[in-house]
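# Structure at a glance
Read off the chains here:
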Amino acid sequence: MLIFVILIAILYAALMLAFLKGWNSLKPSTDNYEPPKTRFSIIIPFRNEAENLPDLLESLAILNYPFKLFEILLINDESEDDSEKIIAEFIETQPQLNLKVLQNHRISNSPKKDAIKTAIEMAQLEYILTTDADCKIPQNWLQSFNTEILENNSVMIAAPVKIEITDKKFVTSFEALDFLSLQITGAGAFGIKKAFMANGANLCYKKESFVKQNGFEGNSEIASGDDVFLLQKFIQQQLKVTFLKDQNAIVKTKPQSSFKRLVQQRIRWASKTSAYTSNFAKLTGLIVFNMNIAFSLSLLFGIFKLFPFPYFMILFLVKFNLDFVLLYRGTILFKNESLMRKYLISSVLYPFFSVYVAILSLFGGYNWKGRRFKR
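This write-up is about the structure you can find in this document. Treat the numbers as computed from the prediction; the structure is a model and nothing was measured. Within each chain, residues carry numbers counting from 1 in the order of the written sequence. Note on the predicted model: pLDDT of at least 70 is required for a residue's local features to be given, and 80 or more for side-chain atom pairs to be given and counted; whole-chain, interface and lining totals, by contrast, use all residues. The basis for every side-chain value is the complete set of non-hydrogen atoms in the structure, without hydrogens or water.

A run of H or I in DSSP becomes a helix once it reaches four residues, and a run of E becomes a strand once it reaches two; helices and strands are each numbered from the N terminus. Among the structural elements, Leu-142 can be located in helix H5 (residues 141-152). A simple rule labels every residue: compare its accessible area, found with a 1.4 Å probe on the protein chains alone, to the largest value its type can have, and call it buried under 20%, exposed over 50%, or partly exposed in between. A residue is classified by how much of its surface remains accessible, and Leu-142, at 0% relative accessible area, is buried. Residues Leu-142 and Glu-92, spaced 50 residues apart in sequence, show a C-alpha to C-alpha distance of 23 Å. Once you skip the residues sitting within four places of it in the chain, Leu-142 turns out to touch Phe-40, Ile-42, Leu-63, Tyr-65, Phe-70 and Leu-129. Two residues qualify as a contact provided that any one of their heavy atoms is within 4.5 Å of a heavy atom in the partner residue.

A few words now on the sheet that holds strand S10 (residues 251-253). Pairing is mixed across the open sheet formed by three strands, whose spatial order is S5-S10-S7. The sheet terminates laterally at strand S5 (135-136) and strand S7 (161-163), the two strands that pair on one side only. Each pair of strands is called paired provided DSSP finds at least two bridges between the two strands. Sheet topology note: the S5/S10 ladder contains two bridges and is antiparallel. Opposite Lys-136, over in S10, you have Lys-252 as the bridge partner.

This part takes up the packing of helix H1 (residues 2-25) against helix H11 (residues 309-334). Running from amino to carboxyl end, H1 crosses H11 at an angle of 15°, the nearest separation of the two axes being 10 Å. Relative to H11, the element H1 is oriented roughly parallel. In this structure, the crossing between H1 and H11 has a hand that is left-handed. Touching Leu-2, Val-5, Ile-8, Ala-9, Tyr-12, Ala-13, Met-16, Leu-17, Phe-19, Leu-20, Trp-23 and Asn-24 of H1 are Tyr-311, Leu-315, Val-318, Lys-319, Leu-322, Asp-323, Val-325, Leu-326, Arg-329, Gly-330 and Leu-333, all from H11. Just so you know the grouping, Ala, Val, Leu, Ile, Met, Phe, Trp, Tyr, Cys and Pro go in nonpolar, Asp, Glu, Lys and Arg go in charged, and all remaining residues, Gly too, go in polar. Looking at the contact of H1 with H11 residue by residue, the classes come out as 18 nonpolar, two polar and three charged. Between N-to-C directions, angles span 0 to 180 degrees; the directions come from axes that are lines fitted to C-alpha atoms, helices contributing only their stretch in contact. Working rule for angles: under 35 degrees goes down as roughly parallel, over 145 as roughly antiparallel, 65 to 115 as roughly perpendicular, anything else as oblique. By convention the crossing between two helices is left-handed if the near helix lies anticlockwise of the far one by an angle smaller than a right angle, and right-handed if it lies clockwise.

Spelled out as structure tokens, the structure:
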């Protein structure tokens with residue numbers, strides 16, 4: 001076991017240093033935006049989001065972009081609450097917005113992919129921009145994407161998402177740190193030209209390219225992955241993908257309402273990893289999972305004096321320090337440095353949480369938005 005621990009520590013260190021190099025190589029955007037030219041179809045699936053829609057709609061109403069250059073398509077995925085009523089009332093108060101409500105056309109095992117596909121078939125404009133119904137959109141969101149497209153001719157653009165801290169619960173900070181780690185490593189992979197991860201809550205791509213690549217074909221039976229599988233497909237076809245490192249493009253999303261829902265969400269995300277086409281993504285997942293296994297086992301065995309505790313401390317310090325640097329760099333962009341106050345305890349608990357989620361994802365399905373999905 002000692003050899004395994006040493007080997008995985010070396011591999012993990014190399015991987016995290018690569019992500020750090022990639023993150024640092026990404027050039028931050030400035031506020032010197034190009035004149036608005038790009039036309040966007042904003043696509044937002046929703047299911048039973050009456051609680052969250054008012055915040056989303058309010059943020060859409062104050063977008064700093066010419067109304068004639070964007071449309072908003074909200075896709076109802078069999079909601080059973082007052083979501084449609086809330087949207088209808090909003091439309092009456094904001095007649096200047098080109099906003100439509102569509103009904104989801106289900107054809108696969110993935111309601112969200114079906115919803116996005118339904119909207120793209122109706123979309124009138126050149127670039128698709130997706131987000132989620134539990135999000136808040138920054139005012140200069142479209143300005144930022146427009147500038148990235150005009151300056152870099154990007155076919156797909158991944159952009160940052162942050163958890164909005166709504167309470168002082170430890171589980172909320174834990175989730176925010178976990179989510180931040182995914183954001184930074186995903187962005188870092190873009191920086192080293194090994195992109196494999198994006199978030200559909202803030203993702204933009206050319207409609208024409210989506211159609212030419214047959215959209216979600218090939219992974220439509222996997223409930224999640226409307227973002228990462230599309231990214232990996234674009235990369236396979238050597239289309240230009242970039243990451244938008246801009247504070248003014250950060251979309252805020254709400255944390256899960258309970259630890260149980262957090263686990264279900266993470267199982268949902270983990271369930272798609274076996275279908276990744278990126279070898280780098282698979283290698284990353286393997287190294288990170290084995291690091292968490294090594295950390296958890298060496299700590300438990302060390303407590304019971306079945307493993308030399310000094311070696312666990314070496315492993316701990318390698319992981320603790322590298323993760324700290326990455327996360328702290330991320331909190332500067334996301335302006336949530338106070339999260340690092342919960343880093344110490346989170347760094348000890350996270351490996352156990354990660355292994356727990358990984359094991360659950362291998363042996364069962366998950367519940368999401370009132371539906372049961374099989375693996």
